[in-house]
Amino acid sequence: MKTVNASPSIITDLARSLRVSPTLEINEIVQERLKNGQKVVHLGFGEATFPVHKAVLAAHREASESTSYLPVAGLTRLRESIARFQSRRLGSLIVPDQVVVAPGSKPLLFALFDILEGDVLLPRPSWVSYEPQIMHAGKKTFWVETDENDRHTITESALNVAFNQAVNSGGNPRVMLINSPSNPTGRVFTEDVLDTICKFCQEHNITLISDEIYSDIVFEKTEETSTFACGRFNAGLHILTGGLSKTYSAGGWRVGYAIFPNNAFGNEVQRATLAYASECWSAASAPAQAAAAVAFDTSPDMDQYRQQVTGLHKRCTLKLYRALVDSGLAVAEPKGSFYIYPSFHPYTKQLKSLGIHTSLQLSRWLIDQFGIATLPGSVFGEDDDGVPGGRYRLRMSTSYLYFIGERDRYSRGYDLLVSGSSDGTELDLPLLDTAIEAIEEATTVLKSLA
């Protein structure tokens, strides 16, 4: 039999540069360690794990026999539900025709980077998949440096520096993407920062994409805001994306959406997105869309579920945050989502004595020595030789600290949402306690090296 040798030319240079998403990779590492009976404190994967609302589950079951293709733009009932929900949030009239549904917001962002003209301004740090998506679209990423302490706040000066660097290097910055609450930092943009970003994009004719997948999980109502609040969504080069995965703990159902402004720009980009979708994913799952139509309802029952989810995430995430502070780490207080983004740079001397010089090496040391699974800041765009506040950063997620498996999730999950979301009750989360103990053990070792 003739042997066929693989040639480097079989796949493109771009394809060779791609790798498995670090978020999925860390989950596979964790599962392998668990399979081998090794200790793991899983702070690495940002999958929401609360029990799905019972009415949403029922809607999915009832639609399970629906196997036909739905319209490319999505189930009408779902688009109506999203439009009502976002109209209330934004203070702008959103109509169903402005909404496009897809199998997750990920392919929609992928499509938008392919469709929109120009290179992309991206805050440093940002979610791990943005930069590969931009690269796959043949575009360049130009990093916008964020505040050294919270790694989220953006100034007018930082925007101008990034824009000028892009132009001076031959780039064509025409798109900016932001995410608040932030993955990886858990921080939320203030209204002043949002005003600065919107004004900058308007002045430079830049399309602003706001990924608001965590927008319902904001810890304080006074800080709950959207990039496009106060009625400004329909007035500019704006696109909003969101989905079912985080607030509603249904990531595996793969339902996301994009909303386009009701103007000439929005109409043109939406038409192109629908054409792209028709040749790519066709439509999201029919049962999942039927369930999502219930999830995005503005009924008191669904509002209460969203409040419970936010309340429990707040208590768990802030408890871990306080433990990180007590352990001597540099970390800004999270304001939303279920992420914390500490820096171990206060222990720089000790880490270097162990031969640890990068966030990747730090993450490997923590999982090998203490079973703590995290993601290194470098996969979010951090430069290990960059500003001191960006070094030795790790993203920690609290979303896997509630339950041990699916049975535990549904046997006590609903009661936990009711009791755990209230500040007046005791928070009984053994996995959270184990995580805190493991982090304290690691920092105790570092302190002993001083």
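In this text the structure is predicted, and so the values were computed from the model without any measurement. (Residues numbered from 1 in each chain as written. Predicted model: local features only at pLDDT ≥ 70, side-chain atom pairs only at ≥ 80, totals over all residues. Heavy atoms only, no water.)

> In this structure, what is going on with unusual backbone geometry? I would like to understand it.
The phi angle of most residues is negative, glycine excepted, and most peptide bonds adopt the trans form. Here the residue pair R124 and P125 is connected by a cis peptide bond, since its omega of 10° sits within 30 degrees of zero. Examined against the element boundaries, P125 turns out to sit in the loop between β3 (119-124) and α6 (130-136). The backbone of R151 shows a phi angle near 55°, a positive value even though the residue is not glycine. With respect to the helices, strands and loops of the structure, R151 is situated in the loop between β4 (141-145) and α7 (156-168). The class for R151 is buried, based on a relative accessible area of 1%. (Helix = DSSP H or I, 4+ residues; strand = E, 2+ residues; numbered from the N terminus. Buried < 20%, exposed > 50% of the residue type's maximum accessible area, 1.4 Å probe, protein only.)

> Quick question: what am I supposed to make of the nonpolar core here?
One recurring pattern in soluble globular proteins: nonpolar side chains tend to sit buried together. By size, the foremost hydrophobic cluster in this structure holds 91 residues, and its most contacted members are M176, I197 and F344. Here I197 is in contact with I154, L159, M176, I178, F189 and L208, once residues within four sequence places are set aside. L122, A258, F260 and L375 belong to the second-largest nonpolar core, a separate cluster that totals 34 residues. (Core = buried A, V, L, I, M, F, W, Y, C linked by side-chain atoms within 4.5 Å. Contact = heavy atoms within 4.5 Å.)

> I would appreciate a short explanation of the packing of helix α13 (residues 359-370) against helix α15 (residues 430-448) in the present structure.
For any two helices packed against each other, the geometry is given by the interaxial angle and the distance between the axes. Here α13 crosses α15 at 110°, and the two axes come no closer than 11 Å. Taken together, the axes of α13 and α15 are roughly perpendicular relative to one another. Where α13 abuts α15, its residues W365, L366 and F370 lie against A438, E441, A442, V445 and L446. The class makeup of the residues in the contact of α13 with α15 is seven nonpolar, no polar and one charged. (Axes fitted to C-alpha atoms, helices over the stretch in contact; angles between N-to-C directions. Parallel < 35°, antiparallel > 145°, perpendicular 65-115°, else oblique. Nonpolar A, V, L, I, M, F, W, Y, C, P; charged D, E, K, R; others polar.)

> Explain the pattern of salt bridges here, please?
Once the charged atoms of two side chains with opposite charge are near each other, the side chains can pair. Within this structure, the stated rule accounts for 13 salt bridges. In this structure, R88 and D303 form a salt bridge, with 2.8 Å as the shortest nitrogen-oxygen distance. Pair noted here: R88 is in helix α4 (residues 76-90) and D303 is in helix α11 (residues 300-326), with a separation of 215 residues, a long-range link. Among the ionic pairs, K319 bridges to D433, the shortest N-O distance being 3.4 Å. Of this pair, K319 sits in helix α11 while D433 sits in helix α15; the two residues are 114 residues apart in sequence, bridging distant segments of the chain. Judged by its relative accessible area of 28%, K319 falls in the partly exposed class. Each of R124, E145, R151 and E382 takes part in one network of salt bridges that share partners. (Salt bridge = Lys/Arg side-chain N within 4 Å of Asp/Glu carboxyl O.)

> Help me understand the sheet that holds strand β9 (residues 339-340), please; the structure alone is not making it clear to me.
Note on sheets: strands pair through backbone hydrogen bonds, and any given pair is parallel or antiparallel. Strand order in this open sheet of three strands is β9-β12-β11, and the pairing throughout is antiparallel. Because the sheet does not close on itself, it has two edges, and the strands there are β9 and β11 (375-376). Pairing between β9 and strand β12 (residues 394-397): two bridges, direction antiparallel. Residue pairing in the sheet places I340 in a bridge with M396 of β12. (Pairing = 2+ DSSP bridges.)

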